[in-house]
Amino acid sequence: MRYMTAGESHGPQLTTIIDGIPAGLRISEDSINADLARRQSGYGRGGRQKIERDHVRIVSGVRFGRTIGSPITLVVENRDWQNWTDRMAAFGDAPSDLKREVTPRPGHADLVGALKTDSDDCRNILERASARETAARVAAAGIAREFLADLGVSIFSYVLSIGSATFDDPDPFVRAHEFAPADIELSETRCPDPAATEAMKAEIDRARKQGESLGGTFRLVAKGLVPGLGGYATADERLTGRIGAALFSVPAIKGVEFGLGFEAARRMGSQVHDPIQLVRGRGFTRASNNAGGLEGGMSTGLPLVVTCAMKPIPTLMNPLQTVNLDTLEPESAWRERSDVCAVPAAAVVGEAELAFALADAYLEKFGHDNMADIRASIDAYQRRLRTVSR
Ligand code: EPS
């Protein structure tokens, strides 16, 4: 399953084409729109989300609510385009009063992008580097999520920290999957703990007052996976690398840990590895899940638990120093409407990337023509695994 997005942040629309979707998969626009709304929400978001009402339009590959096996095209319109028709016009001359953006923001793609593309206007870069593009990914991942849901796999996320405000996750690798979705979604920071939510909001308020921005960490959980997705034999089969690459493709993600992650490097082997057990009629399982659901580059069948770190957003209302690309003199970096914190939204984007990586691994293992054959293939696989423990 491959996807490609196109579209600028203030252009008319975001478009995604996804290829490799089996025929016969039921698709719900409502579920995709619910995910788009989750991506727009969260304490600390800026003015843009008051303008947009992200809504998906599917223009190919789906007929009477089911996939037909051809590429699917999804469109999310930018309502803000109405305010940018002259500055973002595809043709004609630039407006005479156009203000080029020549004071690149440290931490954003502005400077390196302008150097790389030989541009005298950082807007050409930031329009595409903007995290607005992640709306297209979340919309497209709705298809991957429907596919996984059909096979009994669910994915969710929650925020662990924003700045120094932290949720002390009681038993992250075994019990993480027991949070009620409502406890996460009703929190303004998408954190299941009310006290931590309030501490995170206070941290965001403080940052806003200081003209600052904030990053944080979030955890992703996928449950209901079969063991054996991915592979151990070649580098590109390993699911660890595939999920890691997918998550690092999300703007501002600076760290990804599986299960215990860096903590595993501080412990003795017996305090890290998960003892193997055989449960009659169910097959193999583990006494713990420190590996976070991956061993040898393959899913173990236990919940997949991944933690991501997001850096603070680069647009600062109290900006850092930069260099003006016209005058080559020091100046304050460009300021434009932005978010103070987008960690709750980034977690939803993380879910999307995880869904693509897992859906791709399922298709690779069980075929990709149609849902009936895929389900039959999974049933046969699970029957064989159960036979071991009869
Ligand atoms: C975003 C839309 C953007 C930003 C944000 C994410 O809209 P605008 O630039 O019109 O305010 O709010 O992007 C960034 C913070 C960034 O650095 O790129 C969105 O829809 O998620």
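Bear in mind that the values here come from a model prediction, so they are computed numbers and not experimental data. (Residues numbered from 1 in each chain as written. Predicted model: local features only at pLDDT ≥ 70, side-chain atom pairs only at ≥ 80, totals over all residues. Heavy atoms only, no water.)

Draft legend 1. Focus on the site of the ligand. Around the ligand there are 14 residues in total, and His10, Arg39, Arg48, His108 and Arg337 lie nearest to it. Here an oxygen atom of the ligand and a side-chain polar atom of Gln49 are 3.0 Å apart. One nitrogen or oxygen atom from the side chain of Arg337 is found 2.5 Å from an oxygen atom belonging to the ligand. Summarising the interface, the protein chains cover 93% of the accessible area of the ligand, which totals 480 Å² for the free molecule. (Near = heavy atom within 4 Å. Polar contact = N/O pair within 3.5 Å; in protein donor to acceptor, adjacent residues only side chain to side chain. Areas by Shrake-Rupley, 256 points an atom, 1.4 Å probe, with all protein chains shown as cover.)

Draft legend 2. Geometry of the side chain of Ser161. Looking at the element boundaries, Ser161 is found in strand β7 (residues 154-162). Given the relative accessible area of 9%, Ser161 is considered buried. Polar contacts involving the side chain of Ser161 include one to the side chain of Thr217, which spans 2.6 Å. When neighbours within four sequence positions are excluded, Ser161 is seen to be in contact with Thr166, Met200, Gly215, Gly216, Thr217 and Val343. (Helix = DSSP H or I, 4+ residues; strand = E, 2+ residues; numbered from the N terminus. Buried < 20%, exposed > 50% of the residue type's maximum accessible area, 1.4 Å probe, protein only. Contact = heavy atoms within 4.5 Å.)

Draft legend 3. Quick peek at helix α10 (residues 371-387). Between its first and last C-alpha atoms α10 spans 24 Å; for 17 residues at 1.5 Å apiece the expected length is 24 Å, and the two agree. Taken together, the buried positions of α10 are occupied by Met371, Ile374, Ile378 and Tyr381. Down the axis, α10 shows its buried residues gathered within 95° of arc, on one side only. More than 90 degrees from the buried face of α10, the exposed residues found are Arg383 and Arg384. (Expected span 1.5 Å × (residues − 1). Arc of directions from axis to C-beta.)

Draft legend 4. How the structure looks around the side chain of Thr73. You can see Thr73 is positioned in strand β6 (residues 72-77). At a separation of 2.8 Å, a polar atom in the side chain of Thr73 contacts the side chain of Ser60.

Draft legend 5. Representation of the packing of aromatic side chains. Enumeration over the complete set of coordinates arrives at seven aromatic pairs. Ring geometry for Tyr362 versus Phe366: centroids 5.8 Å apart, planes at 35°, classification tilted. Of the two residues, Tyr362 and Phe366 both sit in helix α9 (residues 343-366), four residues apart, roughly one turn of that helix. Considered together, Tyr362 and Phe366 belong to a single accessibility category, that of buried residues. Sitting over the face of the ring of Trp84, Arg87 holds its NZ or CZ atom 3.8 Å from the ring centroid. (Phe/Tyr/Trp six-rings, centres within 6.5 Å; stacked < 30°, edge-to-face > 60°. Lys NZ or Arg CZ within 6 Å of the ring centre and 35° of its normal.)

Draft legend 6. Representation of the packing of helix α1 (residues 29-40) against helix α5 (residues 134-150) in the model. For the pair α1 and α5, the least separation of the axes is 9 Å and the interaxial angle reads 140°. Classified by the angle their axes make, α1 and α5 are oblique. Handedness of the crossing formed by α1 with α5: right-handed. Facing α1, whose interface residues are Ser31, Ile32, Asp35, Leu36, Arg38 and Arg39, α5 presents Thr134, Ala135, Val138, Ala139, Gly142, Ile143, Arg145 and Glu146. Class assignment of the residues belonging to the contact of α1 with α5 gives a composition of six nonpolar, three polar and five charged. (Axes fitted to C-alpha atoms, helices over the stretch in contact; angles between N-to-C directions. Parallel < 35°, antiparallel > 145°, perpendicular 65-115°, else oblique. Left-handed = near helix turned anticlockwise from the far one by under 90°. Nonpolar A, V, L, I, M, F, W, Y, C, P; charged D, E, K, R; others polar.)

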